[in-house]
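Single-letter residue listing:
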Amino acid sequence: AYDAAIAAHNILLTASDLGLGACWVQCEGYEQSDGLTSEAYVRQLFDIPQHLRVICVLSIGYKDEERRPYDTEKLPYQKVHYEKF
């Protein structure tokens, strides 16, 4: 699972370098409203064999709008811990 996450992250970084918008959609550990796991739903939707795991789905495309960055003055820095928890 770690290798898949690293590969997905590198795809997201590459998409950004190419000027594309991209988003990680977590599948592992989530359920749909009908009780079907997100992993099972995606596996069924794309006909993915049972012996393969679905960690995430990546959406990649051209950006519809350019978002402004977060205001760094309003970020919750109290949630960040340095050198100890």
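Structure's up top.
This one's a predicted model, so the numbers in the text were calculated from it and none came from an experiment.

What follows deals with the state of the cysteines. On inspection of all chains with the given rule, the structure shows zero disulfides. The cysteine Cys23 is free of any disulfide, with Cys56 supplying the nearest cysteine sulfur at 10.0 Å. Take Cys23: its relative accessible area is 39%, and that puts it in the partly exposed class.

Turning to helix H2 (residues 38–45), a few remarks are in order. Considered for burial, the residues of H2 that qualify are Ser38, Glu39, Val42 and Arg43. All buried residues of H2 fall inside an arc of 135 degrees around its axis, so they share one side. Exposed side of H2, more than 90 degrees from the buried face: Gln44 and Leu45 are the residues found there. On its buried face, H2 is in contact with strand S2 (56–61). Residue Asp47 follows H2 closely and has a positive phi angle near 55 degrees.

Turning to helix H1 (residues 2–17), a few remarks are in order. Compared with the 22 Å implied by 1.5 Å per residue over 16 residues, the 23 Å span of H1 between its first and last C-alpha is a close match. Buried within H1 we find Ala8, Leu12 and Ala15. Around the axis of H1, the buried residues are gathered within 65 degrees of arc, so they sit on the same side. Facing away from the buried side of H1 by over 90 degrees, the exposed positions are Tyr2, Asp3, Ile6 and Asp17.

Criteria and cut-off values
- Residues numbered from 1 in each chain as written.
- Predicted model: local features only at pLDDT ≥ 70, side-chain atom pairs only at ≥ 80, totals over all residues.
- Heavy atoms only, no water.
- Disulfide = S-S within 2.5 Å.
- Buried < 20%, exposed > 50% of the residue type's maximum accessible area, 1.4 Å probe, protein only.
- Helix = DSSP H or I, 4+ residues; strand = E, 2+ residues; numbered from the N terminus.
- Arc of directions from axis to C-beta.
- Contact = heavy atoms within 4.5 Å.
- Expected span 1.5 Å × (residues − 1).

Keep in mind these numbers describe shape, not what the thing actually does.
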